Structures are given as structure tokens and as C-alpha cells.
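Listed here are the chains, written in short residue letters.
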Amino acid sequence: MESGPAAADPGAGRFPFPYTPYRIQEQFMEALYAALEAGRVGIFESPTGTGKSLSLICGALAWLRDWEEKRRQEEEQLLALGQDAPSPQQARPGSADTAGQPDWVTAFVQRKEERDKVDRLKEEQIRRKKREERLEKIRQNVQLKYAAKRKRCEEDEAKRLLQLSKEALSQGAGEDALDQLDHNEEELIVAEYESDDEKKVVSGLEEDDDDDLEEEHVTKIYYCSRTHSQLSQFVREVQKSPFGKDTRLVSLGSRQNLCVNEEVRRLGALQLINDRCMEMQKNKHEKKSSEENGGKKRRVSHTVCPFYSFEQMQFLRDEVLVEVKDIEQLVSLGREAKACPYYGSRFAIPAAQLVVLPYQMLLHEPTRNAAGIKLKDQVVIIDEAHNLIDTITCIHSAEVSGSQLCCAHSQLSQYMERYRKRLKAKNLMYIKQILYLLEQFVAMLGGNVNQNPGCQAVSQTGTVLKSINDFLFQSQIDNINLFKVQRYCEKSLISRKLFGFVERYGGPASAVKTTKENQKVAGLQDFLLTLQQGSDKEGTPQSPPMEAEHEQLRAASPLMQIEGFLSALTNANQDGRVILNKQGTVAQSSLKFLLLNPAVHFAKVVEECRAVIIAGGTMQPVADFREQLLCCAGVDPARIVEFSCGHVIPPENILPIILCSGPSNQQLEFTYQTRDLPQMMDETGRILCNLCNVIPGGVVCFFPSYEYEKQVYGHWERTGLLSRLAARKKIFQEPKKANQVEQVLVEYAKCIKRCSQTGGQMTGALLLSVVGGKMSEGINFSDDLGRCVIMVGMPYPNIKSPELQEKMTWLDKTMPRASGQAPSRVLIENLCMKAVNQSIGRAIRHQKDFASIVLLDHRYARPAIFNKLPQWIRERTQVKPAFGSAFAELRKFHRGKLDGL
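Residues numbered from 1 in each chain as written. Predicted model: local features only at pLDDT ≥ 70, side-chain atom pairs only at ≥ 80, totals over all residues. Heavy atoms only, no water.

### Details of the overall build of the protein
Each helix and strand counted, the protein has 35 helices and 18 strands in total. Within the protein, buried positions represent 50% of all 901 residues. Here the contacts in the protein between residues at least 6 apart in sequence split such that 81% fall between residues at least 24 apart. Within the structure as shown, the protein displays about 42,300 Å² of accessible surface, and the carbon and sulfur contribution to it stands at 50%. (Helix = DSSP H or I, 4+ residues; strand = E, 2+ residues; numbered from the N terminus. Buried < 20%, exposed > 50% of the residue type's maximum accessible area, 1.4 Å probe, protein only. Contact = heavy atoms within 4.5 Å. Areas by Shrake-Rupley, 256 points an atom, 1.4 Å probe, with all protein chains shown as cover.)

### Comments concerning the sheet that holds strand S8 (residues 576-582)
Pairing in this open sheet of 4 strands is antiparallel, and the strands run S6-S9-S8-S7 from one edge to the other. The sheet is open, and its two edges are formed by strand S6 (398-401) and strand S7 (462-467), each paired on a single side. If you compare each strand with its neighbour and ignore which way they point, the axes differ by 20 degrees on average. (Pairing = 2+ DSSP bridges. Axes fitted to C-alpha atoms, helices over the stretch in contact; angles between N-to-C directions.)

### Quick look at the nonpolar core
One finds Ile382, Leu388 and Phe602 to be the most contacted residues of the largest nonpolar core, which totals 73 residues. Setting aside residues up to four positions removed in sequence, phenylalanine 602 forms contacts with Leu363, Ile382, Leu388, Ile392, Val612, Ile614, Leu629 and Leu630. One finds Val190, Leu472, Ile494 and Val578 within the second-largest nonpolar core, a separate group that totals 52 residues. (Core = buried A, V, L, I, M, F, W, Y, C linked by side-chain atoms within 4.5 Å.)

### Quick notes on empty space enclosed by the protein
In this approach the atoms are scanned with a rolling probe the size of a water molecule, which exposes any empty space left behind. Summed over all chains, the structure comprises 3 cavities of 30 Å³ or more. Considered as a void within the structure, the largest cavity measures approximately 150 Å³ in volume. Lining of the largest cavity is provided by 14 residues; of these, Cys259, Asn261, Cys277, Cys305 and Cys340 occupy positions nearest its centre. When residues of the lining of the largest cavity are traced back to their parent elements, those giving at least two are helix H10 (270-292) and helix H13 (341-347). With 3 residues, H10 is the largest single contributor of residues to the lining of the largest cavity. (1 Å grid on protein atoms, 1.4 Å probe; cavity = no way out; pocket = protein on both sides within 12 Å on 5 of 7 lines; lining within 4 Å. Points joined across faces, edges and corners; volume = space filled by probe spheres on them.)

### Observations regarding helix H28 (residues 706-719)
Taking 1.5 Å of rise per residue, 14 residues should cover 20 Å, and H28 covers 20 Å from first to last C-alpha, within 8% of that figure. Tyr706, Tyr708, Glu709, Val712, Tyr713, Gly714, His715 and Trp716 are the residues of H28 that are buried. Considering only its buried residues, H28 is in contact with helix H27 (678-694), strand S13 (697-703), helix H29 (721-728), strand S14 (729-733), strand S15 (764-770) and strand S16 (788-792). (Expected span 1.5 Å × (residues − 1).)

### Notes on the packing of aromatic side chains
Evaluated as defined, the whole model comprises 23 aromatic pairs. Against the face of tyrosine 708 rests arginine 675, its NZ or CZ located 4.7 Å from the ring centre. (Phe/Tyr/Trp six-rings, centres within 6.5 Å; stacked < 30°, edge-to-face > 60°. Lys NZ or Arg CZ within 6 Å of the ring centre and 35° of its normal.)

### A short note on the side chain of glutamate 734
Tracing the backbone through its elements, the reader meets glutamate 734 in the loop between S14 and helix H30 (741-758). Judged by its relative accessible area of 5%, glutamate 734 falls in the buried class. Reaching out from glutamate 734, the side chain makes a polar contact with the backbone nitrogen of valine 770 at a distance of 3.1 Å. Those residues in contact with glutamate 734 that sit more than four places away from it in its chain are Tyr706, Leu767, Leu768, Ser769, Val770, Gly773, Lys774 and Met775. (Polar contact = N/O pair within 3.5 Å; in protein donor to acceptor, adjacent residues only side chain to side chain.)

### Digging into the sheet that holds S14
Within the open sheet, the 7 strands sit side by side as S14-S15-S13-S16-S17-S12-S18. Their pairing is parallel. Strand pairing shows two members of the sheet lacking a second neighbour, S14 and strand S18 (878-880), which therefore form its edges. Adjacent strand axes in the sheet meet at a mean angle of 20 degrees when their direction is disregarded. Relative to strand S17 (residues 851-856), S16 runs parallel, the two sharing 5 bridges.

### Overview of the packing of helix H16 (residues 388-395) against helix H26 (residues 623-631)
Their axes nearest at 10 Å, the elements H16 and H26 cross at an angle of 35 degrees. Residue-level inspection shows Leu388, Ile389 and Ile392 of H16 in contact with H26, the latter providing Asp624, Phe625, Gln628 and Leu629. Tallied by class, the residues present in the contact of H16 with H26 amount to 5 nonpolar, 1 polar and 1 charged. (Nonpolar A, V, L, I, M, F, W, Y, C, P; charged D, E, K, R; others polar.)

### Considerations on the confidence of the model for the protein
Confidence in the prediction of the protein, expressed as mean pLDDT, is 78, and 77% of residues score 70 or more. Looking across the protein, the model is least confident in helix H1 (residues 5-8), with a mean pLDDT of 37, and most confident in strand S5 (residues 379-382), with 94. Of the regions scoring below 50 in pLDDT, residues 85-98 engages in 16 contacts with residues more than four places distant in sequence or in other chains. The model gives residues 172-181 a pLDDT under 50, and that stretch makes 1 contact with residues more than four places away or in other chains. (pLDDT = per-residue confidence, 0-100.)

### Describing the pattern of salt bridges
Applying the stated rule across the entire model yields 27 salt bridges. With a shortest N-O distance of 3.1 Å, arginine 317 and aspartate 318 are connected by a salt bridge. The buried category is assigned to arginine 317, whose relative accessible area is 3%. One connected set of salt bridges, linked through shared partners, spans Arg23, Glu26 and Glu30. (Salt bridge = Lys/Arg side-chain N within 4 Å of Asp/Glu carboxyl O.)

### Focus on unusual backbone geometry
Residue proline 621 is reached from glutamine 620 by a cis peptide bond, and omega for that bond is -10 degrees. Look at leucine 493: it is not a glycine, yet its phi comes out positive at around 55 degrees. For leucine 493, the location among the structural elements is in the loop between helix H20 (482-492) and helix H21 (494-505). Residue leucine 493 is classed as buried on the basis of its relative accessible area, which comes to 8%.

### Some remarks on the pairing of strand S1 (residues 41-45)
Looking down a regular strand, the side chains alternate between one sheet face and the other. Of all 5 residues in S1, 5 are buried; the element is thus mostly enclosed. The alternating pattern of S1 places Val41, Ile43 and Glu45 and Gly42 and Phe44 on opposite faces, both of which are buried. Sheet topology note: the S1/strand S11 (residues 640-644) ladder contains 5 bridges and is parallel. For glutamate 45, the partnering residue across the bridge sits in S11 and is serine 644. Pairing of S1 with strand S10 (residues 611-616) involves 5 bridges; the strand directions are parallel. Within S10, the residue paired with phenylalanine 44 across the bridge is alanine 615.

### Side note on helix H2 (residues 23-38)
Helical geometry note: an α-helix holds 3.6 residues per turn, so side chains three or four residues apart project in the same direction. Taking 1.5 Å per residue as the helical rise, H2 with its 16 residues ought to reach 22 Å, and the 23 Å between its terminal C-alpha atoms agrees with that figure. Burial in H2 covers these residues: Ile24, Gln25, Phe28, Met29, Leu32, Tyr33, Ala35 and Leu36. Downstream of H2 by one or two residues, glycine 39 has phi in the positive range, about 70 degrees.

### Section: the state of the cysteines
The final tally for this structure, using the stated rule, is 0 disulfides. The cysteine cysteine 692 is free of any disulfide, with cysteine 689 supplying the nearest cysteine sulfur at 7.1 Å. (Disulfide = S-S within 2.5 Å.)

### So, the environment of proline 21
With respect to the helices and strands, proline 21 occurs in the loop between H1 and H2. Along the backbone, proline 21 and leucine 54 are 33 residues apart, and their C-alpha atoms lie at a distance of 9.6 Å. Filtering out sequence-adjacent residues up to four positions away, proline 21 remains in contact with Glu26 and Met29.

### Considering the pairing of S5
Neither face of S5 is left uncovered, since the one carrying Val379 and Ile381 and the one carrying Val380 and Ile382 both have all their residues buried. Direction of pairing for strand S2 (residues 221-225) relative to S5: parallel, over a ladder of 4 bridges. Counterpart to cysteine 224 in the pairing with S5 is isoleucine 382.

In C-alpha cells:
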């Protein structure tokens, strides 16, 4: 069938937009439309402040609208042909065809296939019509909502009365109270386990399946970004766009963000919330099957989640599809409807047109499958993708410390000892296997699980890297099926049971019933206490309040961390390495799995999807994405398209300068050998003093590391340069702790505002920041907050890092040389320039903004480095060999802008 006019000319007014788009936005949408239509893998760069989110929304949803219309027309044609087609009886027998089959047999088979296709289309149409009618009814008829709400209130009241009756009846049954306490402990015992070979895994929703859930997945766009706040911002943009009223959008999130059960939310740590939720579901299904069996199997009363109501979740699903909602609105609706937003939103996936979700959910295959995300022939857009390679590497890497391994071994031994008589043979077998694994892991660090890891000194300190196979052989665990152990951990919820056990008996305040039991668990209490004291002796800094819950989880349930490491060991041998990091004691030592080839986990995404778009404000240098990620994932180079657009600001609003020498003609080259020289630190200070005299408002200066920033700051303090700087700009330093960043930014902004209002000698503030720190990503220094961004030196990564060295070796072995350069050298340059581009992209956030960018190092002028700057900055960059001409240019630029304001 011929494509519609939209496919033929996607740019000709085909993109509804809330206002007249900039030309670069039109170009972006045209390129995006073409990439989706042709099923490409696109790398799209659109600087912050150019309306990238709206361009993505309007370009992608315009394509989806046209695609759906084209599909509808094709279906109608097929259905019309199906009605006119002759029946098989009308097909006459004739001569045999070339394959030896008579004509009438071939015709019969073809007709049957056509009829089947028509029948399928009819069924799909009926389902679609039913869904559209149901959603339309909800849109039009507000009474339905109130009826559903009233029904929920009645049910709640009935439950409350029933509970009161039960409590009244149970009074006077005090003699059974002690017995009941024993039964409560049964929740800690892992249920009878059958491995995957012995039973068919039943999905959690099987009992509740109905026709509505059988709906085919419609063609949809999966949009993912890094954080929930970025996703919420994107949803708000969709709501404001011309597509906001009639797009079926679903926001997905973790249980931590979506759970409305306060008892579960209070657990705090994500792993605990996940496990508790799964356990409550399991309880619900066990309760149901127990009722079906006439209650023959005597079980203790397990808690079930009151929000996991299928009827209410269906109601929530429809509400989600009727109107675009972000995560916060979804949670409010869940509370009001007494329905689980986590599962309710998942029920809405098949019928949704746009699914908004965090990176982890899309890039981690087990999470993707658990959420019911099917990528076959769908479109994926990954936004804020500048660190996509690092993200995939992090998601699939894992680290465990010696103290965690010893602690898990002690806890699991105590658990097995206490419940040995109650555990089935299969459970005992797997628990013994896990104990053996933990024992061998500690032995690999040079320790013994039965001794306090904080007191065991490591004889040979240092870092050793091993292939997965070598690690498995040397730790003598190559005979254990890690896939089965991993599956056991998932299905039995052993880490959750163990956490409950430690919660009950691990704390000093726990009351344990009998002396005999006291003896059994005393060892565990003592051990946990010595571990705590051991870590205190090492002088571990006090955790900030926001990290306390995470630390508590790590101390109380180390097995949860270890499960991630076991899972990582199931990767293919060539794709990762195990790092043995041996420090002073076994407790301080660690085992880390490092993923070397992120492409293996991205391959399935690009194989299954119709089109994949990787987008960001700063994607340069793109070679990493093309070679390390896409080509290694088996993407045909002809399928890859690149698009980079300029900025909406006029050329005269930005002044990027590469400065090769300072005021005293000292050449600027901040290598590891030269940057610590007093004359280099003095020259940097003199440059800043001069620039702060002519630049109004805020100046943000980036250093390669916290250590170097501290060293330079101390040097300036001693030489008096700092007080000279402080006379013109109030000086702020980026804090290392995340919970202090907000406060520093607020004070910095207040100071700039105060200076601009009062005038005087002090003209604003200077913020000393760190590349790769909290200020270099995700924070906007727009307008007066960032009139100049200064980059001190080139932030090359630490090439002495064992992880980086292994990655470099792996790249040199597996990747071809690019334009005469070794892949490892290219990697180092790309990592450096990615960090630079992210940092200098903090300024210029909208069309009328203006700023200067000063790169302090003559090496930025080298063609290989210069070409890795974003195109819109590169085109306007001036290389200044001497400081005098650069200073004059900057003074002229800022004075001109001030006069124009």
C-alpha cells in the first residue's frame, strides 16, 4: 500500500506544536520521523535550551499517529478483501503446480491463511472497540467514578466491622497467645521449593486473568530517562503538547516510588520493599489455593496487601489510559482508589501508546520481563543518554565486601541451624550450596568465614583481575550451577526470610523466648556486634541521614547484595572480569564484577525494536556509541543515523575561548607532572582574578578532581591570591556530600542576586566545582548564575585504575584501530571530552541567555581534541595563544552584553 502524505513529506506542517517551532526543532522532528519510518538506530544531539523534549514528543507522536492511520487503512482493505474472497469450494481443481501440489490445494492453503489473518484482525478490532468504548464511558460519565468510590467505601466499612467482630471473639482466648507467637515465626521459614524442572512456573496473575488482559500490545513508544524527576518533567511536557489530550500514556516506576502500602513503604530500602511485596502476593495466592482445597492444608495467617485488588487495579488501569498522569498523580489516584499503582500501571502497558520508564527497567532484561515490557517491533527512545555506556556497565556490575560475605555466612548458618528440622531437603541443599559459595569467596580474599573479618589481616594487599572462568575454577565453585542458585534465591525469597530472622534475633533489644533459643542466636548477636565495632574501629565516617537506611540494609541483609554478584557471575567469560581488591583486612577487601562489554546487554534491545533513538543534549564524541555499543551489538552500520543540531541562541551570545598561556606567558598544560607546580597554580589564580574583574554575576570554575581543587585552594590561601579573588567574588566550594549541594547552590544564587541589586566592589560569586561531581550534570547555571564557565586543564580519567586498564586492554584486543589511534587511547580522550562537554553545557540554557566559556589548556586546540567539542560550541570557538587578546575579547563581550541589557 502507498504511504500516506505524512510519510511522503513528514516536514510539511505534519508536526502539531504548542507554538511556532524553531527551524532546528523542525529539522530535529523531520530527522526523527524519517528514522522511525525507516526503522533506524539514531544518535540525536540537541543542546539544552533548544526544546529537545517537545521535539521528541511531537516528532515521535506525529509518526505514531500516521503509522496507526496507515495500519487502520491496511486492515480495512484486508477485511474488505476477506469478505469478497471466494470460498475454498469455489477453487477449482486443475493441473499440478511446480512443487507437485495441485492448484486447488495451494489455493486452499492460501485462502485459509488469509481467512485466519482476517479473523485475527476482526478479533483485534473487537477488543480495540471494547477498550475505546470503556475509556470513552469513563471520560463522559463521572457517575461511574463516584459509584466505584462508593463501593470501595462500603467494602472498607464491611472489612472494619468484620475485624471488630473477630477481635471481640478472640478475647478470652489468651491461653493460645503463646502458641500463636510460635506460628508467627513460621513466616521466616522458606516454603517448600521445587526447581524449574519439576514444576511449571505460574505467573502471579494467572488466577485473575480475564479477556481484557489478553489484548495485543499496540505499536508503542518506550521513552526512558535517568531519574524520576526527569520522567515527571517529560510527562508534564506531554500534557502541555497538542498530543496531551488523546495519547494513552503510562508512567512506570519502582515499588519505592509507586507503593501506597504504608507498612511496606516504611521498610525504606528498595530490595526490602520488593521482597515484602512479592511475599504478600505469594500469601494472597496461597490463601486462595488453600480456600479452593477446602482449607485442608493448615497454614498460619499471612498478611496480604489490601491494595492488590484485581478489580480496583483494572479501574486504575482505565483511569491511567483515559488521561495523561505523572508518577505523583498516579500515586494519589492509587491511594484514592485503594489500588496498587505499581501493578495497575503495568496492566495498562498493552493498550498504551507511550510508556515512560526509568533506564534500569528497560536496560535490565529480567526487570524488563517482570514488568511485561515487550520490545518486539516497538520504538525505544533513550533520553539523557550521554552516559548510556556507563549506565549499562553499572547496572550489570556488582561488588561485595569481605565483611558482607562473612556476615551473610554467619546469618545463614544460624538460620539453617535454627530451622533445620523444619526445612525441606531441597531448601537445605541450596542453603548449603550458598554457604559453600560464601566460604570460597572469603577464601579467595585470603580469609576464613568463621573468624571476625575485621581482625583478619590480608597477607598480600593489592588488586588482582581474573576472567570469570578462572575465578570459578580457582575458588572451586565451577561444579555448582549458579543459574539454579540464582533462581532459588529469586523464588524462595531467602534473603527476605533471612532479613526477617536477623530483625527478630539480630538486634540487642530483641526479646527471645527461651534460654535454649538464646544460646542458639547469641552467636549471631555477638558476631553482628563485633562487625559493627570492627567497622567503627576503622574510623568509618558517620553516614548522613539519607544514606542511613541503605547502610542499615547492607549491614542487616548482606545476602541481598551477594545475590547481585552471583547473578553477575553468570555472564559469558569474555564479557567481564572479577576484581579481587585485597586491602588491610578481610572486612575491607572486596570482590567486584566488572562488565567489559555493555553491548551484550544492549544487543537484544536493538535486535527486537523497530527503531531505537539515543538522544541527549551533549552526545559528542559519538564514536563511543557507534563503535563500543552499536557495532559491538551487531547493528549494521548502514542502519545507524546521526543528527546534531545547532543552538537556538544567536552566535553573538556565546564566546568560547581556548587559552594557551596565562598573564605571565606561562604555557597552560595541566598534566599530572606539571599541574602541581606552584607557578601553574599561581597562573591559574591570576587568570581567575583578571576574569572576575570583567565578568559580572556568577563564574563557575571546574577542576579535574576534588583533591586538585583542594590543593589549589590551599595554595591560593597561603599566597594571598584567595583574598584578592574574594574582594571581587564571594567564593563557594562544591561539597562532597550530596545532601549539602542544595544549600551551597541556594547561597550562591542569593549572593549573585544581592550583588546585582546593591552594586559595589563585589560583583557576584565564584563557584569552585569538580568535573564529574554534583555540579557538572543536571544543574542549570542559567543567566546570572553562569556568565562564564572555566575549565582548568583536561579531566583525563585515572589510567592507573585496574578497571580502566582492563577495559583498555579489552578494547585493544577486540576493536579495530581508528584513524591510526589505538582504541584504548581513543577511549581515554572520549571519556575526558564527554566530561568536559557535560560541564561546559551547564551555561546557556535558553534562547536569550549569554555566556563565555574558557578552556585553560593549550591541548584543547589539537584537532583530535578540538573536533570532540559540541558542534555549536566548536563553530564559535577562538584559539588564543596569548592572554592579552583573550582578556580583551572577554571584556568586550561582557561589556557589550551589559550595555544591551
